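# Coordinate analysis (summary)
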Protein chains: 8
Amino acid sequence: MPFWAWKFESSPGHQITQRRTLPNPQGPKRLTESMAIHLHTDDLPAGLDLGGTVAIDTETMGLRMERDRLCLVQLSAGDGDAHIVRVTGDHDAAPALETILGNPRILKLFHFGRFDIAVLQARFGVPVSPVYCTKIASRFARTYTDRHGLKDLVRELLGIEISKQQQSSDWGRGDLSPEQLEYAAGDVLHLHRLRDELNAMLDREGRTHLAEACFRFLPDLAKIDSSGWCDLDVFAH
Amino acid sequence: MPFWAWKFESSPGHQITQRRTLPNPQGPKRLTESMAIHLHTDDLPAGLDLGGTVAIDTETMGLRMERDRLCLVQLSAGDGDAHIVRVTGDHDAAPALETILGNPRILKLFHFGRFDIAVLQARFGVPVSPVYCTKIASRFARTYTDRHGLKDLVRELLGIEISKQQQSSDWGRGDLSPEQLEYAAGDVLHLHRLRDELNAMLDREGRTHLAEACFRFLPDLAKIDSSGWCDLDVFAH
Amino acid sequence: MPFWAWKFESSPGHQITQRRTLPNPQGPKRLTESMAIHLHTDDLPAGLDLGGTVAIDTETMGLRMERDRLCLVQLSAGDGDAHIVRVTGDHDAAPALETILGNPRILKLFHFGRFDIAVLQARFGVPVSPVYCTKIASRFARTYTDRHGLKDLVRELLGIEISKQQQSSDWGRGDLSPEQLEYAAGDVLHLHRLRDELNAMLDREGRTHLAEACFRFLPDLAKIDSSGWCDLDVFAH
Amino acid sequence: MPFWAWKFESSPGHQITQRRTLPNPQGPKRLTESMAIHLHTDDLPAGLDLGGTVAIDTETMGLRMERDRLCLVQLSAGDGDAHIVRVTGDHDAAPALETILGNPRILKLFHFGRFDIAVLQARFGVPVSPVYCTKIASRFARTYTDRHGLKDLVRELLGIEISKQQQSSDWGRGDLSPEQLEYAAGDVLHLHRLRDELNAMLDREGRTHLAEACFRFLPDLAKIDSSGWCDLDVFAH
Amino acid sequence: MPFWAWKFESSPGHQITQRRTLPNPQGPKRLTESMAIHLHTDDLPAGLDLGGTVAIDTETMGLRMERDRLCLVQLSAGDGDAHIVRVTGDHDAAPALETILGNPRILKLFHFGRFDIAVLQARFGVPVSPVYCTKIASRFARTYTDRHGLKDLVRELLGIEISKQQQSSDWGRGDLSPEQLEYAAGDVLHLHRLRDELNAMLDREGRTHLAEACFRFLPDLAKIDSSGWCDLDVFAH
Amino acid sequence: MPFWAWKFESSPGHQITQRRTLPNPQGPKRLTESMAIHLHTDDLPAGLDLGGTVAIDTETMGLRMERDRLCLVQLSAGDGDAHIVRVTGDHDAAPALETILGNPRILKLFHFGRFDIAVLQARFGVPVSPVYCTKIASRFARTYTDRHGLKDLVRELLGIEISKQQQSSDWGRGDLSPEQLEYAAGDVLHLHRLRDELNAMLDREGRTHLAEACFRFLPDLAKIDSSGWCDLDVFAH
Amino acid sequence: MPFWAWKFESSPGHQITQRRTLPNPQGPKRLTESMAIHLHTDDLPAGLDLGGTVAIDTETMGLRMERDRLCLVQLSAGDGDAHIVRVTGDHDAAPALETILGNPRILKLFHFGRFDIAVLQARFGVPVSPVYCTKIASRFARTYTDRHGLKDLVRELLGIEISKQQQSSDWGRGDLSPEQLEYAAGDVLHLHRLRDELNAMLDREGRTHLAEACFRFLPDLAKIDSSGWCDLDVFAH
Amino acid sequence: MPFWAWKFESSPGHQITQRRTLPNPQGPKRLTESMAIHLHTDDLPAGLDLGGTVAIDTETMGLRMERDRLCLVQLSAGDGDAHIVRVTGDHDAAPALETILGNPRILKLFHFGRFDIAVLQARFGVPVSPVYCTKIASRFARTYTDRHGLKDLVRELLGIEISKQQQSSDWGRGDLSPEQLEYAAGDVLHLHRLRDELNAMLDREGRTHLAEACFRFLPDLAKIDSSGWCDLDVFAH
């Protein structure tokens, strides 16, 4: 159950725009007062500028890349707004989206990016780099726990409860419900602030260089995964 | 049981040198006719030039880095000779060896280099890079098997049988037996030729870039291992 | 706890008939306003016409076919009424029921039909064909989840909560409780609409032919199961 | 180590033909006295007639279909000769081979055909049907054992020892060794006679209809496998 | 939390007697209106007659017979009263209790009697026979479930909820709490009625002879267990 | 490979009789000098007297009783001769055999009798009692090992090596090979002497009563097994 | 949620002191009426006397000693006050703390001391002895359960509920929250009384000598653990 | 198959003495030239002096102490002779043996002493201390392997092959075979020299204090084992 209500707006060139005013019940820790979900079809609007650090998540028909097609790509500049690209075809190009994914000067933020990067690289044919993964960062920073889900991070580091109830739903349907859109948007709204918190911990404990080495390898690992070598067997004894 | 007999020679500045003439029973596939094992203490001789591609292996008191000290470092230029450095102290520098390990223009060849690199980096404090690992290369090239041990590679790709009988022996003793020295040397004699064979297969199947991405990450992975994050958990879901 | 109350009626030739008016609290998604459970002994009434697509479920004394006898067969034409045949003897024929089971022009709907079909074929000696299984259909359509229980399907696709509380109860007793009868009837009331929803998803994702191939094999698989080859070992490597 | 030596012959339109005279050490149970291995590139010769029942096997770069390409297709009419098609490209058609695979009047014999059929259907785009699988037949006929490998069947039912030593070798290399060719041919030489023996046992024990139901489903199962649903999960409880 | 309150009474020759009036909230299914717990030390009172069918349970310091001593023996004639014998010494005889345990005309009822019988036989040196075990009876009668705990049986067959909260408590302490005494008594109050229900089911399904064969073997099995052959290995393949 | 050769003899009323002279290579420990295998069809000869203690074994089409039919019953009086009854039909009576099986004054010896007794009781409808099982006896007597196979017992207690090579073979074929007949006979030739040895050990260690309790329960256990309760779950916690 | 509120006081030479009045809702079982948490940096105040029996606990950045640094040491004299030493550097000495740890006349109480002792010995270089561990004592005394967590002990033996909610939190941060400080203090407040209860049980059951043997070994075991021999493998068969 | 032959001698007060001359085939590494096995009943001869360091091993009827009685105690002074005490009764004292076991100035050597010490302490009622265990010593010294069986130690450190063939045999029989006596004696002949080798390695690697801490704890651990706390659970988290 989301704890705020989105306001729908008409927005030229987009399918749907939801906007709402945040009641901000938890005081100074909350995001900006006004947020919007922009829903696009098959690509971002040309020329949309999401800044130098973009949070990205994807939704698919399932977890087997060779079988389950990409349905949504969600992006956020970290300003509380989310852009959701609904992918309807299997082969069309998405030049605006690809420009962001492949831009070596735009840092892409993910949570468990290994899967998303593999899906995006396979679907759009561009290397996704450079990247940052809040799950990997948490594994290096938060050694006192084995709970590194997005929900756990957001609760402990930002003091916010998010719902994972729509996680397993039919992302391929033509008429996505408002609950689905909110869930999908929710996964990219917090990544910028999580990165700030995690970087401070990594720095304090002298573990930044280890996490960064993993971020550099992540696009390659995603490529290895999608080429059919799973489970990092290649490094095993 | 080794299938050739080494000839011991006196060599100024080294402890022991073994040399022998190879009976060459298996025809054109064998190595050069004359080989030597040079045994050194705590460092290589100053100025020893092993070329731009050096095969390296290590022997330790066991598999737990924080407990089991490094005993031997074996190196070979790929010419059939082997240099074995016996490491007696826990903290002394080894400038000649460190120069090779840290030289960015010398490619270091390993078989399952992940462990060796971690041990060498922890003991000598230099990053070991760039590297090539025949086990990783085999995992990408030889997808038709799950046998990627050095013994398996040498048998299939070079047609030579090697023994692993001394693998688990007391490498920390002061008086290493001839069988131990031969076994230790044996692990670096074939890596150059294995690399040639594996590179040809990787190239043929279009998998070279995947293996190379792993080689680039390997020194970082070794650092992560020796910092206490085992089993690549950091990438797991 | 069932969320509606059945009304019992006297019905010639049947043992008990329950009928009730549905309060319909959830609006347009609900079934017809008036439903009945007809309880029969050892066979359906002769000449009962349940149409070309019949939902079927069974209840037994347990899951081992060679040990645990068939107790109930539940059927529905998809109109909200359910017919429950209580099977009291081990060997008597049930001509009216067998006519439906074996009729090649009547599609039989099951949820996890593999077990029910095996039980019915073994007890009545007729091949049960053609069939449709909502569990198999869900495995092909809903790849975004691993929850394919009837309760999960009915909740997600129809928006209805059903109870599985009576699932493990004594179906062999002579005086079945109203709770047992409702539970038994409940498993056939929703299969027609589930099939519609699942077929639409299979069609959208181009997976219909895969599910249909499995439906064709299902009566054979049930025969193989009840002949003593379990767990599909026959196809294993 | 094969127990007979092939004789190489020149054969117009083929790459290599090996022929030899069988010393026939095991008396009346052996095959015909003279056998040949015909090696072709990318397709069978046009018009080659292998009769109404063709034994087929394949060799690939490994067991992951989406990663490891098809290297060889071996076929035999059951007369002791074997035809090996070396597949060099990833996308070219092979009309003569496809004619046999897709011909509904030619029975295709496999041992563990599930994998071979999936590979062939994915590479050549034709449904492979009708089929017979000696592994499945053995699972129904030889319930007194859990050893259903080709080597086990050939030993018990035909009294012949075959070697599986080359099973995991580099089938993608350009210069296949004579040992590899013999191993590859060996897997199709015995399937006709195995089928005769297994059919007699199935008939004696009244289990023929169970095996045949599985053969009918096998091409569908192979399609389901290669579409990304593994391990027959779709039928599981 | 027990759902009735015991009344304590003074009773000559016993330590404590609790008695209370049952509020009987659940109508006709409840036990007699007035019940008592009699607490004895080291033996029953001489001459106490508990009839021909006695429900028995025990509490110990743990589950390892060779280590954890017997603390309590609870008995009931099925009339709603319970007798609890607190065992303080390790070697003293208990003639009144032993007379009941060893009497071949008194049927002893247990739930999972295997452990209790072993403990009683080892402590008092008399064979405990004949016996009835409601857990075994349930395994034969209630094949539709895998829940055969006392709590499950009492709920389904008698419609009563009992608590297992005190199950793991310190039965060796000198001052047993009222909660402990009630819990201990509770395990023998329902066995007579459970036996009636289970016998009716066993009879209906024709499984009585199987359960009875197990009851006959149970004292021997308990002896085998306490002699050091655990887990019925002796019958394994 | 059997270490002696049987001599075939013609015997009226039987199908085949093999007889041979034992070369007796192992001195005083061997059996009688002359032994015979008598092969019968569907029953023993009427009036055949095998004494008060008969060793019995069976061969089936596999290990699933409800699927794999009984093929052979082997019996021996302990005099070195073996009688093999080949069972060809599924339902015919075998009065001579049934008389021995059901005779309460004839002790039946088995090795792992649990399965054989279940098969015999299910096929011939007579309770098989009393029984002795050398595997159970060994589990109580030979606590110093976990090897209780017939081969292990015969080696350690009698100093004889027997082969289990034909264990998994096609016992349903019409023309059993001499190797099969010898293997089948071999399983009943040694049970009398094994019983003597094991009884002496059980008596010495005071464990006879434990083994005997299990023998008494064994026919019931076999009945429970064949009624569909496997793995002794009924006694589990 | 802690069930009392601390009062903060200024205390010379310490960073923070919290003090509060206990509302004592649970009657006679509660601790003293007034308690304080004293927070120190890098050592205890010189000359602080905590008596002859000190309860000790530690908090670290995680469970891998070679990776995760010590953050807090909590101590209590058993009077309801707690002293928390925040450890900021990796190498500085803490003479006041070390004097207590190494004093052979001061008994150190832990719950699962194995880890704490290893961490303290590794960080401060003094043997921590003699020790008492409430977890080990519970394993010997409370054989009727397998729940030996601190929370379980405190509930059963003292009747107090404690929270483990802050167990996995970031103990390395500079600004520890009041919730963290209370949680950390809570783990040493009850150990003195738990020891009294457990000693009484050990004495009653004659198991004191077994627990004491383990306490004597515990400092050695901690040393063995931190030297790299984990999981008590050294004693395994 | 032992590689030397014992010579039997008559010896007053003992049952049997075997003596032989060792052919010494392996040169300087062998034991003394003449060795004897002395077999005693129920105790050592009074006054027998085996020196300050005695190797000890035991043989029992199996591995469950509460079930399987002690059969043999073997001792050696390290001079190549072995004394075997056959234990025939369950309760008799053995004063000469007990004097050695309990003597605090005699070091007792075992291989996996944990079990032997527990058996001896339980049977003779004396604490067995001080002790040395070659298995524990090997676990600390030989970290390069996980093979710490007596056979492995004797091979690597002494260059001698010993047989474990009689390990599982009937040690309770009255007439022990020569093979059994030799096997039993063999387990104590090498422990003195193994200790010398292992102590040298422990000393070289600085691990002596860790092994010695375990030796001190070993008699306590044996007591804990035989009191019913297995598997070192008491130290687990």
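What counts as what
- Residues numbered from 1 in each chain as written.
- Chains lettered and ligands numbered in written order.
- Predicted model: local features only at pLDDT ≥ 70, side-chain atom pairs only at ≥ 80, totals over all residues.
- Heavy atoms only, no water.
- Helix = DSSP H or I, 4+ residues; strand = E, 2+ residues; numbered from the N terminus.
- Buried < 20%, exposed > 50% of the residue type's maximum accessible area, 1.4 Å probe, protein only.
- Contact = heavy atoms within 4.5 Å.
- Areas by Shrake-Rupley, 256 points an atom, 1.4 Å probe, with all protein chains shown as cover.
- Least-squares fit on C-alpha atoms with pLDDT ≥ 70 in both.
- Buried area = accessible area lost by both parts, 1.4 Å probe.
- Salt bridge = Lys/Arg side-chain N within 4 Å of Asp/Glu carboxyl O.
- Nonpolar A, V, L, I, M, F, W, Y, C, P; charged D, E, K, R; others polar.
- Polar contact = N/O pair within 3.5 Å; in protein donor to acceptor, adjacent residues only side chain to side chain.
- Axes fitted to C-alpha atoms, helices over the stretch in contact; angles between N-to-C directions.
- Parallel < 35°, antiparallel > 145°, perpendicular 65-115°, else oblique.
- Left-handed = near helix turned anticlockwise from the far one by under 90°.
- Expected span 1.5 Å × (residues − 1).
- Lys, Arg positive; Asp, Glu negative; His and termini not counted.
- Phe/Tyr/Trp six-rings, centres within 6.5 Å; stacked < 30°, edge-to-face > 60°.

Bringing the overall build of chain A into the picture now. When you go through chain A residue by residue, the secondary structure sums to seven helices and eight strands. Burial statistics for chain A: of 237 residues in total, 59% are counted as buried. When contacts within chain A are restricted to residue pairs at least 6 apart in sequence, those whose partners lie at least 24 apart make up 62%. Summed over its atoms, the accessible surface of chain A is roughly 9700 Å², and 51% of this surface lies on carbon and sulfur atoms.

This paragraph deals with the relation of the copies chain B and chain A. For the pair chain B and chain A, the relating rotation is 180°, the translation along its axis is 0.0 Å, and the fit reaches an RMSD of 0.0 Å. Both chain copies can therefore be described as sitting about a two-fold axis. In terms of proximity to the rotation axis, the leading residue of chain B is B:Phe217, whose C-alpha is 3.2 Å off the axis.

This part covers the interface of chain B and chain A. Between chain B and chain A, the residue contacts involve 27 residues of the former and 27 residues of the latter. Carbon and sulfur atoms make up 73% of the area that chain B and chain A hide from each other, which totals about 2400 Å². Looking at the side of chain B facing chain A, the largest losses of area belong to B:Arg139, B:Trp229 and B:Phe235, adding up to 28% of the total buried there. At the junction of chain B and chain A, the tally comes to two salt bridges. Secondary structure elements with two or more residues in the side of chain B that touches chain A: helix 3 (134–141) and helix 7 (208–226) of chain B. Looking at the side of chain B that touches chain A element by element, the count peaks at 11 residues for helix 7 of chain B. When its residues are assigned to classes, the side of chain B that touches chain A shows 15 nonpolar, four polar and eight charged.

Here we take up the interface of chain D and chain C. Interface size is often expressed as the accessible area that is lost when the parts come together. At the interface, 27 residues of chain D touch 27 residues of chain C. Surface buried jointly by chain D and chain C totals about 2500 Å² across both partners, of which 73% is contributed by carbon and sulfur atoms. The largest share of the area that chain D buries against chain C comes from D:Arg139, D:Trp229 and D:Phe235, three residues that together contribute 28% of it. Applying the counting criterion to the chain D and chain C interface returns two salt bridges. Ionic pairing is found between C:Asp220 and D:Arg216, a salt bridge with its closest N-O pair at 3.5 Å. Summed over the shared surface of chain D and chain C, the result is 12 residue pairs in polar contact (both at pLDDT 80 or more).

Residues and elements named next belong to chain B. Across the interface, helix 3 lies against helix 6 (residues 191–205) with an axial gap of 9 Å and an inter-helix angle of 25°. One way to sum up the angle between helix 3 and helix 6 is to call them roughly parallel. The interaxial crossing formed by helix 3 with helix 6 has left-handed handedness. The segment helix 3 lies against helix 6, with Thr134, Ala137, Ser138, Phe140 and Ala141 engaging Leu191, Leu194, Arg195, Leu198, Met201 and Leu202.

It is worth spelling out helix 2 (residues 113–124) of chain F at this point. All names here are of chain F. Here helix 2 spans 16 Å end to end across 12 residues, near enough to the 16 Å set by a 1.5 Å rise per residue. With 11 of 12 residues buried, helix 2 lies mostly within the body of the structure. All of the buried residues along helix 2 are Gly113, Arg114, Phe115, Asp116, Ile117, Ala118, Val119, Leu120, Gln121, Arg123 and Phe124. Check the buried side of helix 2 and you find it contacts strand 4 (53–60), strand 5 (70–76), helix 1 (95–102), strand 7 (107–110), strand 8 (131–133) and helix 7 (208–226). After helix 2 finishes, the residue glycine 125 shows a positive phi value of roughly 75°.

Enumeration over the complete set of coordinates arrives at 104 salt bridges over all chains. Among the salt bridges present, the one from A:Asp225 reaches A:Arg114, with a minimum N-O distance of 2.6 Å. Here A:Asp225, found in helix 7 (residues 208–226), pairs with A:Arg114, found in helix 2 (residues 113–124); they are 111 residues apart in sequence, far enough to count as distant. Grouping residues by exposure puts A:Asp225 and A:Arg114 together as buried. Residue E:Arg147 pairs with E:Asp152 through a salt bridge whose shortest N-O separation is 3.3 Å. Each of A:Arg147, A:Lys151, A:Asp152, A:Arg155 and A:Glu161 takes part in one network of salt bridges that share partners.

Looking now at the side chain of A:Asp43. All names here are of chain A. In this fold, aspartate 43 is placed in the loop between strand 3 (34–41) and strand 4 (53–60). The side chain of aspartate 43 is buried and forms no salt bridge, while arginine 123, the nearest opposite charge, is found at 9.8 Å. Polar contacts involving the side chain of aspartate 43 include one to the main-chain amide nitrogen of alanine 96, which spans 3.0 Å. Here the side chain of aspartate 43 touches leucine 97 through a polar contact of 2.9 Å, landing on its backbone nitrogen. Beyond its immediate chain neighbours, meaning those up to four positions away, aspartate 43 contacts Val85, Ala94, Pro95, Ala96 and Leu97.

With that settled, the discussion passes to the environment of C:Leu107. Residue and element names in this part refer to chain C. Summarising the element assignment, leucine 107 is placed in strand 7 (residues 107–110). A residue is classified by how much of its surface remains accessible, and leucine 107, at 18% relative accessible area, is buried. For the pair leucine 107 and valine 54, spaced 53 residues apart in sequence, the C-alpha separation works out to 6.3 Å. Discounting chain neighbours no more than four positions away, the residues touching leucine 107 are Gly52, Thr53, Val54, Pro130, Val131, Tyr132 and Arg195.

All names here are of chain B. Between serine 129 and the following residue, proline 130, the backbone shows a cis peptide bond with an omega angle of -5°. For proline 130, the position within the fold is in the loop between helix 2 (113–124) and strand 8 (131–133). You will see that aspartate 42, though not glycine, has its phi angle at about 70°, which is positive. Looking at where aspartate 42 falls in the secondary structure, it is placed in the loop between strand 3 (34–41) and strand 4 (53–60). By relative accessible area, which is 23% here, aspartate 42 ends up partly exposed. Within the chain, phenylalanine 112 stands out as a residue other than glycine whose phi angle is a positive 50°.

Let us look at the packing of aromatic side chains. Inspection of every chain in the model, using the stated rule, returns 44 aromatic pairs over all chains. Seen from their ring centres, B:Phe217 and B:Phe235 are 5.8 Å apart, and the 70° between their planes marks the pair as edge-to-face. Highlighted residues: B:Phe217 in helix 7 and B:Phe235 in the segment after helix 7, separated in sequence by 18 residues. Note on accessibility: B:Phe217 and B:Phe235 belong to one class, buried. Ring geometry for E:Trp229 and F:Phe140: centres 4.9 Å apart, planes at 55°, overall tilted. Here E:Trp229 is found in the segment after helix 7 (208–226), whereas its partner F:Phe140 is found in helix 3 (residues 134–141) on a different chain. The same class applies to E:Trp229 as to F:Phe140, namely buried.

Bringing helix 4 (residues 150–158) of chain B into the picture now. By the burial criterion, the buried members of helix 4 of chain B are B:Leu150, B:Asp152, B:Leu153, B:Val154, B:Leu157 and B:Leu158. In this structure, the buried residues of helix 4 of chain B make contact with helix 3, helix 5 (178–189) and helix 6 of chain B.

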